[in-house]
Amino acid sequence: MQNLTKVACAAALLFAPGTMGPGNILSVAYISSAQAQEEYLPTEKDFVGKWKLNGGAIRPPRDTTDAPTPEQEAAATEFQQTVTAFYGAFDYLEITADGRYNFHQPGDPTSGTCVWCGTWSFSKSSLWLKLETTPRLDIYAKDGDMQMTYTAEPDEKSKYAWLVFGWTKAE
């Protein structure tokens, strides 16, 4: 078996089977040590295209100084399942080169009405969806999957900070 890098190991832990709830299957694509050692800074065009949800997980916010309590983890897990069901209701996320994004519902024509859409910006090698929760999209390896995390929250320090989602290029 080829050597797994820290990135691949982290991905394997982050998107471990069972993190999406009952009946969902999750896969992880491993990258070689050589690929991971080569720093990859994505450009705007790397995000353009159609993306399908491939998994989700929770992790304590980076600014958490104490170990999370079982209650915090349980609440975050429950909320993650709700948000995963929400994203899972869409066929795909489309990011266009003209600065727009659209979460397409099943059966919507490509030119259909925008149901849940908006604009995005690109900064510090990340793509940011202009939403109240400010989802941040990152790609860590050339032709790799995209990771979505949240950097802002609509109310108090909420469960959004715990959520991580993986997206795979659909085209």
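Notes on the overall build of the protein
Within the protein, the secondary structure is distributed over four helices and eight strands. When the helices and strands of the protein are read in sequence order from the N terminus, they spell out α-α-α-β-α-β-β-β-β-β-β-β. For the protein, the residues scored as buried account for 35% of the 171 residues in total. For the protein, long-range pairs separated by at least 24 residues make up 54% of all intrachain contacts whose partners lie at least 6 apart in sequence. Only carbon and sulfur atoms are counted for the fraction: they give 53% of the accessible area of the protein, which is about 10,100 Å².

Considering the pairing of strand β5 (residues 126–129)
The side-chain alternation of β5 yields two buried faces, one formed by S126 and W128 and the other by L127 and L129. Of the strand pairs in this sheet, strand β4 (residues 116–123) and β5 are connected by four bridges, and their pairing is antiparallel. Counterpart to W120 in the pairing with β5 is L129. Between β4 and β5, which pair antiparallel in sequence order, lie two residues; one of them, K124, sits at a positive phi of approximately 50°. Relative to strand β6 (residues 135–139), β5 runs antiparallel, the two being bridged by two bridges. By the bridge assignment for β6, W128 is matched with R136. Linking β5 to β6, which pair antiparallel, is a turn of five residues; within it T134 sits at a positive phi near 45°.

Points about unusual backbone geometry
A positive phi is found at K124, a non-glycine position, where the angle reads about 50°. Here K124 lies in the loop between β4 and β5. Even without being glycine, T134 reaches a positive phi, approximately 45°. In this fold, T134 is placed in the loop between β5 and β6. Here T134 falls in the partly exposed class, since its relative accessible area comes to 23%.

Here is what the cut-offs are and how they apply
- Residues numbered from 1 in each chain as written.
- Predicted model: local features only at pLDDT ≥ 70, side-chain atom pairs only at ≥ 80, totals over all residues.
- Heavy atoms only, no water.
- Helix = DSSP H or I, 4+ residues; strand = E, 2+ residues; numbered from the N terminus.
- Buried < 20%, exposed > 50% of the residue type's maximum accessible area, 1.4 Å probe, protein only.
- Contact = heavy atoms within 4.5 Å.
- Areas by Shrake-Rupley, 256 points an atom, 1.4 Å probe, with all protein chains shown as cover.
- Pairing = 2+ DSSP bridges.

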